[in-house]
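# Coordinate analysis (summary)
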Amino acid sequence: PYDVLIVGGGPAGAAAAVYAARKGIRTGVVAERFGGQVLDTNAIENFISVKETDGPKFAAALEEHVKTYDVDIMNVQRAEKLIPGKMIEVRLANGASLKGKSVILATGARWRNINVPGEDEYRNAGVAYCPHCDGPLFKGKDVAVIGGGNSGVEAAIDLAGVVRHVTLIEFADELKADAVLQRKLRSLSNVDVIVSAQTTEILGDGKKVNGLTYKDRQSGESKKVDLEGVFIQIGLVPNTEWLKGSLSLSKFGEIEIDAKGQTSVPGVFAAGDVTTVPYKQIVIAAGDGAKAALGAFDHLIRSSVS
Ligand code: FAD
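You'll find the protein entered in an unreviewed UniProt entry as Alkyl hydroperoxide reductase subunit F, with Neopusillimonas maritima given as the organism. Per UniProt, the comment on the protein under Sequence similarities (unreviewed entry) is "Belongs to the class-II pyridine nucleotide-disulfide oxidoreductase family." As its UniProt record puts it under Cofactor (unreviewed entry), the protein is described as follows: "FAD".

Structure (structure tokens):
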């Protein structure tokens, strides 16, 4: 068995692997896609000490760093079941079973897609999901935020300070965000709010976004907004479907952890976007991966499993 078995090969899983391996303990990483969400990213400009890089380069660097240690990397393998016990078992989709004295879950999250024409075509070419990441790319331009919950309204407030103009588009007939956020939003002169609006298409010139269309759900009319960026903020879904019933999840499906990354199951730790930790960012996921590995090591030196 592994001393530390890590599920997930994004920034959180990679950092956990480096920290665990440096303790000289048997470490394995199983990942459906080593690199994680970073692989879908263009420019990364906020990983401290790396002024600028791109997703594939960053993912390759993660892998290269992990490979300098004695870590078993099992890539293109999906975990399907976690079975707690003195030895914790992780079952894979290919039928294999792996065991760990401790396990770190770092399966990340995915942005909920709006599934309209143009979304796939213009992803990273005007269609964005993360205002902290991509906001500065739209400096001085007009953008829309789709989604009027807390994350959508926060994104609109954040972007209003960076871009020229923000149109916030909400499907329902009112915003769902906290009143204090809505007040702040409405105080901003470069933000328009449109409710009862169903986004129907993200338009572009073949290379990048130049507008969107929506249906006014009250009049049934189709309307068009000219802009250069669309931030989709309709939810971040943690990759925990396979864990339901085996440990405590929040109402959003995120894994609940304590300050050391320990979950509700002894010996099982978690890190990164899959957890309740706020602000889903690479630098945060990596820091939490390191923390979970140290938490797991602490657990191992105190436990009787040998
Ligand atoms: P992830 O990166 O999601 O990695 C999860 C890992 O788990 C993957 O290897 C995945 O294949 C694996 N996995 C999932 N389910 C299973 C399973 N059942 N079995 C086995 N393996 C599984 N953040 C920034 O800080 N700066 C940016 O500029 C930035 N830009 C972004 C742009 C885009 C388009 C996106 C989508 C995200 C961006 N982010 C950015 C956010 C950042 O990518 C995430 O916060 C970060 O990758 C989270 O790391 P993680 O290791 O927790 O999860």
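### Remarks on the site of the ligand
Close to the ligand lie 32 residues, the nearest being Arg33, Gln37, Asn46, Ala79 and Ile282. Between the ligand and glycine 9, the relevant distance is 3.0 Å, taken from an oxygen atom to a main-chain nitrogen or oxygen of the residue. Look at the ligand: alone it shows 1000 Å² of surface, and the protein chains cover 94% of it. Breaking the shell around the ligand down by element, the ones donating at least two residues are helix H1 (11-21), strand E9 (109-111) and helix H6 (282-302). Of the residues assigned to the shell around the ligand, the class counts are 14 nonpolar, twelve polar and six charged.

### What about the confidence of the model for the protein?
For the protein, mean pLDDT is 96; residues scoring 70 or higher make up 99% of the total. For this predicted complex, the interface score ipTM comes out at 0.99, alongside a pTM of 0.92.

### Brief notes about the sheet that holds strand E14 (residues 197-204)
Taken in spatial order, the three strands of this open sheet run E14-E15-E16, and their pairing is antiparallel. Either end of the sheet is taken by a strand with one partner, and the two such strands are E14 and strand E16 (222-226). Within this sheet the neighbouring strands show an average axis-to-axis angle of 25 degrees, counted without direction. Here five bridges tie strand E15 (residues 209-216) to E16, and the two strands are oriented antiparallel to one another. Considered in E16, the bridge of lysine 215 is made with serine 222.

### Describing unusual backbone geometry
In this model, valine 76 sits at a positive phi of 60 degrees, which is unusual for a non-glycine residue. You will see that asparagine 115, though not glycine, has its phi angle at about 55 degrees, which is positive. Tracing the backbone through its elements, the reader meets asparagine 115 in the loop between E9 and strand E10 (127-128).

### Re the pairing of E14
Note that E14 and E15 share seven bridges and pair antiparallel. Across the sheet, threonine 199 pairs through a bridge with tyrosine 214, a residue of E15.

### Remarks on H1
Of all the eleven residues making up H1, ten are buried; the element is thus mostly covered by neighbouring parts of the structure. Buried within H1 are the following residues: Pro11, Ala12, Gly13, Ala14, Ala15, Ala16, Ala17, Val18, Ala20 and Ala21. On the buried face of H1, the contacting elements are strand E1 (2-7), strand E2 (27-31), helix H2 (55-67), strand E5 (71-75), strand E8 (97-105) and H6.

### Some points on the packing of aromatic side chains
Across all of its chains, the model carries three aromatic pairs by this definition. For the pair phenylalanine 47 and phenylalanine 58, a centre-to-centre distance of 5.1 Å together with 65 degrees between the ring planes defines the contact as edge-to-face. One end of the pair, phenylalanine 47, is in the loop between strand E3 (43-44) and strand E4 (53-54); the other, phenylalanine 58, is in helix H2, with eleven residues separating them in the sequence. A relative accessible area of 9% places phenylalanine 58 in the buried class. We note arginine 26 situated over the ring of tyrosine 2; from NZ or CZ to the ring centre the distance is 4.4 Å. Sitting over the face of the ring of phenylalanine 171, arginine 217 holds its NZ or CZ atom 3.9 Å from the ring centroid.

### Let's talk about the packing of H1 against H6
Interhelical geometry of H1 versus H6 gives an angle of 35 degrees and a closest axis separation of 7 Å. The hand of the H1/H6 crossing is right-handed. For the pair H1 and H6, the contacting residues are Pro11, Ala12, Ala15, Ala16, Tyr19 and Ala20 in the first and Ile282, Ala285, Ala286, Gly289, Ala290, Ala293 and Leu294 in the second.

Conventions used here
- Residues numbered from 1 in each chain as written.
- Predicted model: local features only at pLDDT ≥ 70, side-chain atom pairs only at ≥ 80, totals over all residues.
- Heavy atoms only, no water.
- UniProt positions renumbered as here; feature names shortened; annotations may be inferred.
- Near = heavy atom within 4 Å.
- Polar contact = N/O pair within 3.5 Å; in protein donor to acceptor, adjacent residues only side chain to side chain.
- Areas by Shrake-Rupley, 256 points an atom, 1.4 Å probe, with all protein chains shown as cover.
- Helix = DSSP H or I, 4+ residues; strand = E, 2+ residues; numbered from the N terminus.
- Nonpolar A, V, L, I, M, F, W, Y, C, P; charged D, E, K, R; others polar.
- pLDDT = per-residue confidence, 0-100.
- Pairing = 2+ DSSP bridges.
- Axes fitted to C-alpha atoms, helices over the stretch in contact; angles between N-to-C directions.
- Buried < 20%, exposed > 50% of the residue type's maximum accessible area, 1.4 Å probe, protein only.
- Contact = heavy atoms within 4.5 Å.
- Phe/Tyr/Trp six-rings, centres within 6.5 Å; stacked < 30°, edge-to-face > 60°.
- Lys NZ or Arg CZ within 6 Å of the ring centre and 35° of its normal.
- Left-handed = near helix turned anticlockwise from the far one by under 90°.

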